[in-house]
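# Structural features, examined
The primary structure of each chain is shown beneath.
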Amino acid sequence: MTSPEAFPELPSVAPQLRAQRRRASLTLEAAAGAAGLSPAHLSRLETGQRQPSLPMLLALARIYGTTVSELLGETAVDRDAVVRAADMEPTEAGGWTYFQAGAAGRGMQALRVQVPHGSQGDIVRVHPGEEWLYVLKGRLRLRLGDTTHRLGPGDSAHFDSLTPHRIAAQDPDGVELLFVHTLLQSPTATLCLGPIPGEMP
């Protein structure tokens, strides 16, 4: 079993996961079911025995009505309209590197994300809300329902998050993108994680 010390970049995520779940008045079983996880898996995340991926953090943030930043124990000094590049600290989760590109406590969350090749595997996501992404560097494969789109630098996509979707970096060097999604401030908001039939072409 991997020890929590193996993930020094996420020192506070385990207690925050438990605290946010309790704040949302959800049992371990209810929260795990909403996220498409087993209670045992969520328990390991809450005790620091497993490291959550960024998609999983996004799922739990929506379910708990909070943000990824709060799950990671980050606190914003204020809600300035401007976020300076020098103030964007990188955070790693499940192989993804992301930079908070917007203020906390808003109705949307904006991230600059670096997705390594093959990091998302067969994860498919379905949840209420909207997502918008813009490719900065590299090539992205975006699967929306039964259709696969290939996006290059300068391309963007804006879609209803209830459409089953997953993303993957097409190039070995990964892909860098801007990512904006709506935050549903309700513990009933769900995001399901799980395999979908077939391989992405």
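Coordinates for the structure precede this section.
In this report, the structure presented in the accompanying data block is examined. Counting starts from 1 at the beginning of each chain's written sequence and moves along it residue by residue. Local features in this predicted model are restricted to residues whose pLDDT is 70 or higher, and side-chain atom pairs enter the listing and the counts only when it is 80 or higher, whereas totals over whole chains, interfaces and linings include all residues. With hydrogens and water stripped out, all remaining heavy atoms of the structure feed into the side-chain values.

The nonpolar core is taken to be a set of buried Ala, Val, Leu, Ile, Met, Phe, Trp, Tyr and Cys residues, with the residues joined through side-chain atoms within 4.5 Å. Exposure categories follow from relative accessible area, calculated using a 1.4 Å probe and restricted to protein chains: below 20% of the type maximum is buried, above 50% is exposed, and the middle band is partly exposed. Core analysis: the largest hydrophobic core is formed by 41 residues, its most contacted members being L60, Y64, V113 and L133. Counting from the N terminus, the helices are DSSP H or I runs at least four residues long and the strands are E runs at least two residues long. Here this core takes 8 residues from helix α4 (residues 54–64), the largest share from any one element.

As a further point, take the pairing of strand β7 (residues 147–151). Where strand β6 (residues 140–144) meets β7, 5 bridges bridge the pair, whose relative direction is antiparallel. Residue L144 lies in a different strand from β7, and its bridge partner there is T147. Hairpin connection between β6 and β7: a loop of 2 residues separates the two successive antiparallel strands, and G145 in this loop has a positive phi of roughly 60 degrees. Two strands form a pair only when DSSP identifies at least two bridges running between them.

Taken across its 11 residues, α4 has 11 buried, putting it largely inside the fold. All of the buried residues in α4 are L54, P55, M56, L57, L58, A59, L60, A61, R62, I63 and Y64. Count one or two residues on from α4 and you reach G65, which has phi positive near 70 degrees.

What follows deals with the packing of helix α1 (residues 13–23) against α4. Simply put, an axis is a line fit to the C-alpha atoms, just over the touching stretch for a helix, and the angle between two N-to-C directions goes from 0 to 180 degrees. Contact geometry for α1 and α4: axes closest at 10 Å, N-to-C directions at 30 degrees. Regarding the angle of α1 to α4, the classification is roughly parallel. The two elements α1 and α4 cross, and the hand of that crossing is left-handed. The residues of α4 that touch α1, namely those facing V13, L17, Q20 and R21, are L57, L60 and Y64. Just so you know the grouping, Ala, Val, Leu, Ile, Met, Phe, Trp, Tyr, Cys and Pro go in nonpolar, Asp, Glu, Lys and Arg go in charged, and all remaining residues, Gly too, go in polar. Split by residue class, the contact of α1 with α4 holds 5 nonpolar, 1 polar and 1 charged. For this classification, under 35 degrees means roughly parallel, over 145 means roughly antiparallel, 65 to 115 means roughly perpendicular, and everything else is oblique. Note on convention: the crossing is left-handed when the near helix lies turned anticlockwise from the far helix by less than a right angle, right-handed when the turn is clockwise. Residue contacts are counted whenever heavy atoms from the two residues lie within 4.5 Å of one another.

We now examine the packing of aromatic side chains. Any pair of Phe, Tyr and Trp rings, taking the six-membered ring for Trp, is counted once the centres come within 6.5 Å. Such a pair is stacked with planes under 30 degrees apart, edge-to-face with planes over 60 apart, and tilted for the rest. Under the criterion given, the structure shown has 1 aromatic pair. When the ring of W132 is compared with that of Y134, the centres are 6.1 Å apart and the planes differ by 20 degrees; the resulting orientation is stacked. For W132, a relative accessible area of 29% translates into the label partly exposed.

Another aspect to go through is the packing of helix α3 (residues 39–46) against α4. Each packed pair of helices is defined by two parameters, the angle between the axes and the distance between the axes. Running from N to C, α3 and α4 point in directions that differ by 95 degrees, and their axes come no closer than 13 Å. Looking at the two axes, α3 sits roughly perpendicular to α4. Between α3, through H41, L42, L45 and E46, and α4, the contact on the second element is made entirely by M56, L60 and Y64. When its residues are assigned to classes, the contact of α3 with α4 shows 5 nonpolar, 1 polar and 1 charged.

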